[in-house]
Structures are given as C-alpha cells and as structure tokens.
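Given next are the chains, with one letter for each unit.
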Amino acid sequence: MTEKNEEKKEEPQGLPKLEEDVLKFWETEKIFQRSIDERPKNKPFIFYDGPPYATGLPHVGHLLASTVKDVVPRYKTMQGYRVERRFGWDCHGLPIEVLVEKELGINSKKEIESRGIAAFNEKCREVVLRYVAEWKKTITRLGRWVDFENDYKTMDLPYMESVLWVFKQLYTKGLVYQDYRSSLYCTRCETPLSKMETTMDNSYEDVEDPSIYVAFEIQNKPNTYFLVWTTTPWTLSANLALAVDAKAEYAEVELTAGEEPWVGRRLILAKERLADALTEGTYAVKGSYVGQDFLGWEYNPVQKFIEPEKPAYKVVAADFVTLNEGTGIVHIAPAFGEDDFDLGRKEGLPVLLTIDDSGKFLPAITPWAGQYVKAADESIIEALRRRSILFSSGTVTHSYPFCWRCHSPLIYKVQQSFFVKVSELKESMYATNEEIHWVPQHLKEGRFRKGIETAPDWGISRSRYWGVPLPVWRCDVEACKNESVAGSLDDIETFSGTRPNDLHRPTIDDVTWPCTCGGTMRRVSEVFDVWFDSGSMPYGQVHYPFENKEQFEATFPAEFITEYIGQTRGWFYYLHVLANALFQKPAFRHVVNTGIILATDGTKMSKSKGNMPDSNLLLQKYGSDALRLYLVASPVMQGENVNFDEAGVAETLRRALLPLWNVYSFFALYAPTSGTLSLKENPKQVLDRWVLAKLEELKKEVGAGMEAYELWRAVKPIQPFITDLSTWYVRRSRDRFKGTDEEDKQAALATLFTVLLETSKIIAPFTPFIAETLYQRLRPLLQDAKDSVHLEAWPEIISKNEDDALLVDTILARRVIEVGHALRAQEKIKVRQPLATMSVVGATLSEEMQKVVLEELNVKTYTSEQLSQPKQVSMNDEKGLTVTFDLELTDDLKREGLRREFVRQINSLRKKRGLTIQDRVVIEYTTESKAMLELFSEDKASILGDTLATDLKEGSGVEMVKVNNEEVAISLIRVS
C-alpha cells in the first residue's frame, strides 16, 4: 500500500476506491484478527452486539448502529484492550413467523397446524439467514470489524440450552409463575404481546373508533339507568360490573326533551360530565349522590348470552375511573381489559370470554357468532338502538395499539401465561441502574427508570411455534400436579432418557416420560417470548454456564452496548431484568442510545415507500468514512431522530476528508523518498509550535469525548482541526516548503509529517480507511512502524505549559487578520498589494505573531499606536479591536504589488497547463507597459524563483493577461 515517489505526480484515486484497497489490505494481512491477538488476554473489553434479523437488506439505520459498534471497539483496541467481537443473528419469533406465513399464503394458526409444525418451522429455519451474505458484504464495506465466521445464532442448540438454564434459575428462585391476565393480544398472530415491545417503537396510531353512550337499567329502581360510555361495543357481551369513583359527585337527571322513549327516563352520571354528555335544557336534576352510595347496586346487563359462574352485574369502586371523558361510570369486562381484569380479581368477579383466539365471537354469542369483533361493532350498535338502550353514538379519534410485526390492531384479552416476577426485582433494578453510565444521561432517571417503575410482571410465554420452547413438563392426568423443569440437555436426558439434538418444536414436543401416577409427562405447548432470547444473549452467546464459565464470570457485566433509543423499552430492559434476577448486577456498564434515522421528509424509511437510500450505493458513491463521520457527528448520536440527508454525507466528504487528503498530497510533493522524518527538538517556528499545540488540543478533546462515550463530542473538533491545518498552517507555510532555507524546510516537513501521522491515529476509530491510507503512505518515513494504524497505540498527550498562551495568541492574531482582510475588501485593495503600515489597537500580540499578521495581510510595519496618516482607513470588530491601514503607496510598494500579481498569473497558467513543481519553464513576454518592463528589469530574480522559471525574456508572448491594469502577452516554454 506504500507509494513510490514517482507516483506522487499522479492524480490521487477517489477516496471510495482507496477504501476498497484498504479492505483488501486488511484481509490479506489479517489486521482485524491481529488487533485482537496482539492485545493481552488479561485486559479484555467486553462488548455485546445486539443481533439483527437477516430477513432483509441492511439499511442506513443498521449502518448507524454498526458504525457505533465499530468506533468504540477500535478506540479501546488502540488503548491496549483485547476486544473480541462476534456477530449475532436474531432467529426466532413473530418477525420470522409472519414473514413465512406471507410467503406460504397462510393467515392463521389453524393453517400452520394443518400443514404441520415441522414443515412450518423448517421453512422458518430456511428464511432466517436468507441475506447473510449481503449483510456481511455491506457491514464489511462499512469498515466494521466483526467476526462473522464464529457468529452466534439464537436458534443454535448451545444458545437455546443457555436460555433453558436462565429459565430454570428463575424458576428455582421462585420468580416464575403461571397465571391468567388480560394483556395485549394480536388476533392475527394469535399470541399475547408485551406492553414493552408495543411501546418500544410506539406501535400506536391515531384511529377512528365508535363512541357510544349506553343505558344500563338499575334493578329495583324502575325507569332509571346508569349512563355508560365505551369505544368498544364488542366487549359489552362480556360486561360483568360497572365502576365508579367512590369520592366523585354524581347526579340523577330526568330527561325533559328529546326523542322517545327517552323523555321521562332518569339517567345517573357524574356531575362534571353533564355538560358534555347531555344537551343543555333537555334535563332536570332530581338527585345527588357520591360514588360510594352506589356500591353494591345491581343492574341489568345490556347483552347476556352466557350465564356467569359467579354473582355479577353490580357497581364497584375503582381508582382508574376518570372524569376527563365519558360519564364517570365505566363498563367492566374482566376478559378484555387490563384494569378490568385486576379489578375483577379484587372484587371476585368471574371472567367471561366471548371470543376465540382469532378474535371471532364464540357460537354462544348467537347474533354475531364467527364474526371478527371489530367488524361486528356497527351491527352491535344497531341492535342496542333497536332495544332503545343506545342513548347516542358517534366516533372518536384516539391512539390505538397495533402489532409491531403484522400491523393488525391489538385488543386486550385474558389469557394464561408464564410470568417473571418483575415486581420482586424492581428494587434491585433501581439500584443497579445507578451503576450504569447512560448516553444520553437523562435516560437513566427518565425513560429507563420510568419504564421499570410502570412495568408489569413480564409475560414470557407465546402461543406460537418458532422459538425456544418453555422447558416445563406436566402430567397429562388433570388431577396430578407433577411438574418438571429442565435447565439443560442433561436434565431432559435424565427425565426422559432421550437427549434431543434439536430443541425446536415439534421435536421437543415428542419428548415425554411416564409420570409416577401412571400418566405421561408432556411439555407445555408455549415457546418463549423472543425478548427472553434477547435478554439471555450474554449467556447464550458463550453457552454459559456449560462452557466459558470462568471467563464469563470474570468479565460480566459488559463494558459497552449500543442500540437505538427504543431499546430502553426492549433489549436494554430485558437484559437488565435477567441480569438482576440471576446475579443482582447490571448487564452493562456503558450504553449509547442513538436516535432513529428517518427519510429525508421525516417519515419512517420504508422500501415500499421508495424513501430508503441504497446503502451499497451510498458507500460506493461517497465512501464509508464520509458516511460514518456524517452519522457520528449528527444529533442522532444524542438520541434525537434525524432526517437522513445525502447532501450532508457529500458535505462531510468535501469539508473534512478531501481537505485532509489534499494536505497529505501537498506533503507528498516535498517529502523525502528515503530515510525517516521526526521532530528532533521543539520547533522554533511559531506556526510549527502552533499546529503541534492544536494537535495536542485535538487529542485531549477527542479522548475526553470517547471516555464519556459521547461520540458526537469526540468528532466535533476533527473537521475544524483539518480546516485549520489546511487553510492556516499549510497555506501559511507553503513558501517554507518551496524555499531555500533547508533547516526551516526540514522543520516544516517534520512538523507536517508528525501532525499527519498523529492525526491518522486520532481519526482511526471514526474514519478507519483514510486513516489507514495516510498511515501506510507515511509509514516508509517512520521509525518502528506498525503494520497498520489500527495496531498502533492511542496517541499520548504531550502538553506544554506555553501551549495555552500560544493558542490564545494565535486566536487573537487571526481576529486581527480577519478584520484586516475585511478592511482590504471594503477598500477594494488586493492582498497582493503590500501596504506600508498597520496599527492594531485593542489587542496585544507577541512579536512572533505580529510577524505572522504582517505576512498574512502583506504589510511592512506593525504598531500598537494610533496612526496619523493623510490616507488611512480603519475597521472595528464587535469586541473592541481596531485595525488601521496606511494606504499611501510608494513606487516600491506598487512594484512589489505588480510582481505578486504577475507571479499569480504565471502560476495560474502553469496550473492550467498541468505543470508540476518538477517542471521548469522559460517565460517569454511582449509588452509596451513601462511599469512591467521596469518590473522585469528590477525583480527578475524574485520572479524566477517564485514561478519555477529558468529565464524571463522578451519574446513571442501569445497569451494576453492583465496585471493590475497593465497588459502583457505571455508564453510559457517548458524546458524540463
């Protein structure tokens, strides 16, 4: 990858092409593996990689996550840590099952079971890793170092065995129970879902639902009704109670106007809701109550198709009754509401289930038997109207949950499930959360802690097929209570005499053994919630505790994880639950939460919408470094959602990477072809000292950002540093590189070499390709070079006491220069025209920096005193700095200005002809300008040196140029 000196004359390749060369170099020289092997085993840095599904191509959001997952490990590797990185694949759960259902054209669990669970799961296994090759190609092209060869999959037998072990530990500790609960349920997937996974990506949408007021007739109080509001008419057939606020005030009103048969009827509702529920002037208040008065009152159900097993249809009190909407009286259906179910248990109410697993009414609900509940709403409303108990109806727009995988509307439905007692783990979870460093910091006490506070017990079982099986076996004799839980393959073999080589259904379902009562021990049918797989990742990926036991226990918890902010309610949460349940520890010490990359218009990226940029085309067009730097520098790293902007990637390439490459290209023009370059001593030249001080400042700022895991802060100073290096140091030092002062030239070369070398190390975690390219091209001039910049150590800070003063002095000088340039522009005086004197009032500069100012502004004399000249102009800045120029031009000043402009014109012609610094020319001119002829006579030697010419003579000039309004025809004749 090194470059011969004669190749420096060639135009540099595009940076994306150079990146492809770097990839080949890394692969050939096995740099990634060496970056691990050459670090000590006793200094590990553990990083957990949240596994993706390989059921689609990687998009920009995946590239964001992979960038962060690469930056931190590269940085830690350069700090001397051994950072092993295994890629992982999520394999189980609804994402795979729904995909397979679509491909097979099936829409229900019955169809799956009629085809056979074995065939269905085999198809799931087939599609799981469909795009692995494409993922590997894209992630590798991004520059992420990760071990694909020794990857882990959640469907592998060792991983699944560790999941069984996790469950067995929780079971043994009494943290698992089975019970009924009303929770979110997908009628399409026919399985419960957790509230956490539904809120993780906010799977709620604004939808329009029925809004009806229904009258429930009160027993022993003729012609009097409780007025109840609901948005779920389909649940009325499961109603078993009405709930009130025990302390709220209620009114009994008689309807005095309206349609028959309502006139003369009496309604009871909360006083605060009268104005919203009833029309003014249509009623008269006949009585007042508080909610406590109604407790125990009985009423007639509005729909009764199934006789409840226990007494029902009574009024109870509930603290969730609100007076912000409805009537202050809530209809309670314990089978179809979370609060309803809990209240039903408290009050001893039965559970009346009126629908099947697919959300269709049971045969007993005769008018709507077999109908999907949502589809039956309108017919139910019409039936209520015909019976004259529908007081009013309309619609309401509200936020409603949808399945995060199939996008079907969810309902709350009672179901039996296995639960983890999160309620008993919360105190531990709060305490260990204090040990975690959260980025952004506000998530620690905000979103994450609040998620713990409101989290219910975790329903971990799913009525599905493709997943890790719950390892619970029970006797099939109903009266027998024998139960066995397997935490390993050994346990299963001990119980059954069979050691399965696959734990998936239906293989594991066939593992049975005789019960002591004469029955048969059979496995319960459920599989684990896929988040149980994910939460078990620290243990499953290393097959703990069956292998790697000592190593795991010595390195748990992990030092670092990262994913997008939604995982505070997903993967991060479930990792935390299980780590606390198993070890009373956090699962990770440092966590970086990114925001979400949205489409340019702010909508969610979607292939179907055509608003998702092709990741591979982006990498091909701009290169990985530009995309990585753009992503890491954006607000998405602070947990904010960001609209993807391809122009921003192009801007990053233009403003950061190309200028850095151009600085190297400039250095390469003058660099020696052999030997070594290094700083022998502290430089004397102020620009050299300044740029080295800026380099140390860069090291400090980048290092501080990385230590805080605030990657956006780490990269923030990189582009300004490159700009300063290019537009200040290199531009101000050009003449030194071209000059005849050999000592000064060598000092400039050694300084720029040092800066480029150290910069390559500093940027290596963020932009690994250009860092490697720079390092390899500088490597021949380096003593004790490593084979790769990524095998180097993170640069040490070499700070000097005088650095701060020098940096402040330079900032002040550049302020003076900025005002000076603005003043020249205002007076339309080109910088190439030297001026005699300038004064600066309001700033004190060192003599060295005064010289820099004079050179930059092309002025002969600097003073801190006020000028008093007949031709002078001044300009102030907002901080009280005043710069004044003497505009009186002597003949010598005019001629020098003419010379500078002429030199600029010649060098412009050289560039147009494609001449390099190795090319010498003869300048022939034709002019009648006395000023130009005098210039050529007096300043010939200076002109020859500044234009790399061997002679300047009168001849056949053919290209007319204007030099400060003086005309001259020029010909450039190449002589070498």
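This one's a predicted model, so the numbers in the text were calculated from it and none came from an experiment.

## Details of unusual backbone geometry
Omega for the peptide link from Val439 to Pro440 comes to -5°, which places this bond in the cis form. Summarising the element assignment, Pro440 is placed in the loop between strand 15 (437–439) and helix 14 (444–454). With an omega of 0°, the peptide bond between Tyr544 and Pro545 qualifies as cis. Residue position: Pro545 is located in the loop between helix 17 (537–540) and helix 18 (549–555). Look at Lys828: it is not a glycine, yet its phi comes out positive at around 55°.

## Focus: the pairing of strand 7 (residues 241–244)
Alternating positions in strand 7 separate into two faces, Ala241 and Ala243 on one and Leu242 and Val244 on the other, with burial throughout. With four bridges joining them, strand 7 and strand 11 (residues 314–317) adopt parallel strand pairing. Note on strand 11: the bridge partner recorded for Leu242 is Val315. Across four bridges, strand 7 lies against strand 12 (residues 329–332) in antiparallel orientation. From the neighbouring strand, Leu242 faces strand 12, where its bridge partner is His331.

## Focus on the pattern of salt bridges
Under the definition given, this model contains 77 salt bridges. Asp476 is paired through a salt bridge with Arg522; the nearest N and O atoms lie 3.1 Å apart. Here Arg522 lies in strand 21 (residues 520–523) and Asp476 lies in the loop between strand 18 (472–475) and strand 19 (483–485), a separation of 46 residues in the sequence. Measuring nitrogen to oxygen at the nearest pair gives 3.0 Å for the salt bridge that ties Lys694 to Glu697. Here Lys694 and its partner Glu697 are both found in helix 23 (residues 686–707), three residues apart, which amounts to about one turn of the helix. A network of salt bridges, in which partner residues are shared, links Asp892, Arg895, Arg899, Glu934, Asp939 and Asp946.

## With respect to the pairing of strand 34 (residues 966–974)
The side chains of a regular strand alternate, residue by residue, between the two faces of the sheet. The pairing of strand 31 (residues 921–926) with strand 34 spans six bridges and is classified as antiparallel. Bridge pairing in strand 34 places Val921 opposite Arg974. When strand 33 (residues 959–963) meets strand 34, the two strands line up antiparallel, connected through five bridges. In the strand pairing of strand 34, Val963 is matched with Glu966. Between strand 33 and strand 34, which pair antiparallel one after the other, the connecting turn spans two residues, and Asn964 there sits at a positive phi close to 50°.

## Some words on the packing of helix 30 (residues 891–913) against helix 32 (residues 940–947)
At a closest axis distance of 10 Å, the pairing of helix 30 and helix 32 adopts a crossing angle of 35°. The hand of the helix 30/helix 32 crossing is right-handed. Of the residues in helix 32, those touching helix 30 at Arg899, Phe902, Val903, Ile906, Asn907 and Arg910 are Ser942, Ile943, Asp946 and Thr947. Its residues assigned to classes, the contact of helix 30 with helix 32 shows four nonpolar, three polar and three charged.

## Focus on helix 26 (residues 742–762)
In this model helix 26 runs 30 Å from its N-terminal to its C-terminal C-alpha over 21 residues, within 8% of the 30 Å that 1.5 Å per residue would give. Within helix 26, 16 of the 21 residues are buried, which leaves the element mostly enclosed by the surrounding structure. N-capping of helix 26 is provided by Asp741, with a side-chain oxygen placed 3.3 Å from the backbone N of Glu743.

## Side note on the sheet that holds strand 11
Sheet strands pair by backbone hydrogen bonding; their relative direction is either parallel or antiparallel. Here we have three strands laid out as an open sheet, ordered 11-7-12, and mixed in their pairing. Two strands bound the open sheet, and with one partner strand each, they are strand 11 and strand 12. When the angles between neighbouring strand axes are averaged without regard to direction, this sheet yields 35°. Sitting on the sheet, helix 11 (residues 338–347) is in contact with strand 7, strand 11 and strand 12, with an inclination near 105° to strand 11.

## Quick notes on the sheet that holds strand 33
With mixed pairing, four strands are arranged side by side in an open sheet as 32-31-34-33. Every interior strand has two partners, whereas the edge strands, strand 32 (949–954) and strand 33, have only one. In this sheet, neighbouring strand axes are inclined to one another by 35° on average, regardless of whether the strands run parallel or antiparallel. Strand contacts of helix 30: strand 31, strand 33 and strand 34, with the helix running at about 145° to strand 33, the strand carrying the most contacts. Strands strand 31 and strand 32 of the sheet are contacted by helix 32, whose axis makes an angle of about 130° with strand 32.

## Structural notes on the confidence of the model for the protein
When pLDDT is averaged along the protein, the result is 91; 97% of the residues meet or exceed 70. Model confidence for the protein, summarised as mean pLDDT per element, is weakest for helix 9 (residues 195–200) at 59 and strongest for helix 8 (residues 157–172) at 98. Residue range residues 1–12 is modelled with pLDDT below 50. Its contacts to residues more than four positions away, or to other chains, number 17 contacts.

## Notes on the packing of aromatic side chains
The full count for this structure, using the stated rule, is 60 aromatic pairs. Every member of this aromatic cluster is reached through a ring pair, and the members are Phe167, Tyr171, Trp458, Phe528, Trp531, Phe532, Tyr573 and Tyr574. Taking NZ or CZ as reference, Arg74 lies 3.8 Å from the ring centre of Trp145, over its face. Positioned above the aromatic ring of Phe885, the side-chain terminus of Arg824 is 5.8 Å from the ring centre.

## Considering the nonpolar core
By size, the foremost hydrophobic cluster in this structure holds 206 residues, and its most contacted members are Leu170, Trp458, Phe532, Phe667, Leu752 and Met838. Contact partners of Leu170, with chain neighbours within four places excluded, come to Leu175, Val176, Val420, Phe532, Leu578, Ala581 and Leu582. Among the nonpolar cores identified, the runner-up in size contains 56 residues, and Leu242, Val244, Val315 and Phe361 belong to it.

## As for helix 31 (residues 930–938)
Three- or four-residue spacings in an α-helix give side chains the same orientation, since the helix completes a turn every 3.6 residues. The set of residues buried in helix 31 consists of Met932, Leu935 and Phe936. When helix 31 is viewed along its axis, its buried side chains cluster within an angular range of 95° and face the same direction. Away from its buried face by more than 90 degrees, helix 31 exposes Lys930, Ser937 and Glu938. Buried-residue contacts for helix 31 involve helix 30, strand 31, helix 32, strand 32, strand 33 and strand 34.

## Digging into the state of the cysteines
What the rule picks out here adds up to zero disulfides. The structure places no disulfide on Cys91, whose sulfur is separated from the nearest cysteine sulfur, that of Cys124, by 11 Å. With no disulfide of its own, Cys515 has Cys517 as its nearest cysteine by sulfur position, at a separation of 3.6 Å.

## A word on the packing of helix 22 (residues 646–670) against helix 27 (residues 768–778)
Relative orientation of the contacting elements helix 22 and helix 27 amounts to 5°, with a least axis distance of 11 Å. Viewed along their axes, helix 22 and helix 27 adopt a mutual orientation that is roughly parallel. Contacts between helix 22 and helix 27 pair Leu657, Leu660, Trp661, Tyr664 and Phe667 from the former with Ile770, Thr773, Leu774, Arg777 and Leu778 from the latter. Considering only residue class, the contact of helix 22 with helix 27 consists of eight nonpolar, one polar and one charged.

Analysis parameters
Residues numbered from 1 in each chain as written. Predicted model: local features only at pLDDT ≥ 70, side-chain atom pairs only at ≥ 80, totals over all residues. Heavy atoms only, no water. Helix = DSSP H or I, 4+ residues; strand = E, 2+ residues; numbered from the N terminus. Buried < 20%, exposed > 50% of the residue type's maximum accessible area, 1.4 Å probe, protein only. Pairing = 2+ DSSP bridges. Salt bridge = Lys/Arg side-chain N within 4 Å of Asp/Glu carboxyl O. Axes fitted to C-alpha atoms, helices over the stretch in contact; angles between N-to-C directions. Left-handed = near helix turned anticlockwise from the far one by under 90°. Contact = heavy atoms within 4.5 Å. Nonpolar A, V, L, I, M, F, W, Y, C, P; charged D, E, K, R; others polar. Expected span 1.5 Å × (residues − 1). Polar contact = N/O pair within 3.5 Å; in protein donor to acceptor, adjacent residues only side chain to side chain. pLDDT = per-residue confidence, 0-100. Phe/Tyr/Trp six-rings, centres within 6.5 Å; stacked < 30°, edge-to-face > 60°. Lys NZ or Arg CZ within 6 Å of the ring centre and 35° of its normal. Core = buried A, V, L, I, M, F, W, Y, C linked by side-chain atoms within 4.5 Å. Arc of directions from axis to C-beta. Disulfide = S-S within 2.5 Å. Parallel < 35°, antiparallel > 145°, perpendicular 65-115°, else oblique.

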